[in-house]
Amino acid sequence: MNDYDPVNWPEGNRVAVMLSFDFDAETLWLSRDPANAKRPGTLSQGTYGAKVGVPKILETLDGCGVPATFFVPGWTAEHHGGACEAILRGGHEIGHHGYLHEWIDPDFPEREEEALVKGLDALKATLGVTPTGYRSPAWETSPNMIALLRRHGFAYDSSLMDTVNPYRHTLADGSEGPVELPVHWSLDDAPFALFSVRAPRTIVTNDHMMQVWQDEFREIYRWGGLFNLTMHPQVTGRPSRIALLREFIGWMRTFPGVWFARGGEVAAAWSATRT
Ligand code: ZN
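What you see is a predicted model, and the numbers here were worked out from it, not measured in a lab.

**Q** Talk me through the coordination of the zinc ion; I want residue IDs and the actual numbers.
**A** Coordination of the zinc ion by the protein is provided by Asp24 (OD), His97 (NE2) and His101 (NE2), with metal-donor distances spanning 2.1 to 2.2 Å. Every donor residue of the zinc ion comes from the same chain, spaced as D-x72-H-x3-H. Here Asp24, found in the loop between strand S1 (15-22) and helix H1 (27-32), pairs with His101, found in the loop between strand S3 (93-96) and helix H5 (109-127); they are 77 residues apart in sequence, far enough to count as distant. We classify His101 as buried; its relative accessible area is 3%.

**Q** Describe unusual backbone geometry, listing the residues and the values that go with them.
**A** The backbone of Glu11 shows a phi angle near 55°, a positive value even though the residue is not glycine. One can find Glu11 in the segment before S1. Judged by its relative accessible area of 82%, Glu11 falls in the exposed class. Residues other than glycine seldom take positive phi values, yet His101 does so here, at roughly 60°.

**Q** So what's going on with the environment of Leu149? Residues and values would help.
**A** Note that Leu149 resides in helix H6 (residues 143-151). Residue Leu149 is classed as buried on the basis of its relative accessible area of 0%. Setting aside residues up to four positions removed in sequence, Leu149 forms contacts with Leu116, Tyr134, Phe154, Asp157 and Pro178.

**Q** Kindly report on the pairing of S1, identifying the contributing residues and their values.
**A** Within a regular beta strand, the side chains point alternately toward one face of the sheet and then the other, so they alternate between its two faces. The element S1 is extensively covered by neighbouring structure, given that eight of its eight residues are classed as buried. Residue alternation in S1 divides its side chains into two sets, Val15, Val17, Leu19 and Phe21 and Ala16, Met18, Ser20 and Asp22, and both sets are buried. Relative to strand S9 (residues 258-260), S1 is paired through three bridges, and the arrangement is parallel. In the sheet register, Ala16 faces S9, and the bridge partner there is Trp259. In the sheet, S1 pairs with strand S8 (residues 226-231) via six bridges, with the strands oriented parallel. The residue bridging Leu19 from the neighbouring strand is Leu229, located in S8. The sheet contact formed by S1 and strand S2 (residues 69-72) spans three bridges and is parallel. Bridging from a neighbouring strand, Phe21 pairs with Phe70 of S2.

Each value, and the rule that gives it
Residues numbered from 1 in each chain as written. Predicted model: local features only at pLDDT ≥ 70, side-chain atom pairs only at ≥ 80, totals over all residues. Heavy atoms only, no water. Donors = N, O, S within 2.8 Å, 3.2 Å for Na, K, Ca; no water. Helix = DSSP H or I, 4+ residues; strand = E, 2+ residues; numbered from the N terminus. Buried < 20%, exposed > 50% of the residue type's maximum accessible area, 1.4 Å probe, protein only. Contact = heavy atoms within 4.5 Å. Pairing = 2+ DSSP bridges.

This is the structure we're talking about:
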């Protein structure tokens, strides 16, 4: 069976839609440069995600009646507990996203486990959550990290771009690892709308993003696969992008057989087709 063959989703659905939000908050800038701790202007880009982005996204998801998955760094859970609790109250899943949004460095495997454990402890202590899903910050990962995920009981990872549909990792010793729920830059709001002073890029219109996402969706729908959309509260939480989110969900719902599901449900449903 090929990685791109149709998946037998629950209840005869044609496509699984995983709406995911990486709730970086200030960690995106704190991890890039510790000196940013003294730059409230820089950090305010992330603060926006907690103050406005998450509440508006939750309101939009609730209005559309669809669930989502939020990948939350441990630091974010410690500093924005109210926003995280609102995510849980909305019935959404919380996954692991590092502690301070650390980029994986394959030369220092001990740091990988340190960040993983610190993030796990923070989510447990602040929210009482033991996540089953992991998304690596900036989608940088390593074979060591994939093995760590299994050792720490994760059911799935969502960090790699090597295919469209889910698959199961094989560890170095040949044993089974977590399920992978693949991602891609074209299904991410950041390349289109996250501005960076250091690496300036054009902020595109909703029409542009809608076009790329709809084109991807139509074909993934035809393939019968997984549509895994990555967004960020500091990006999609902006007023115009909230409208985009609402309109895009509404557009996808015009197709028959679209299953909106959290990451854990997608991984479990895919695994069930392989047993
Ligand atoms: Zn992130």
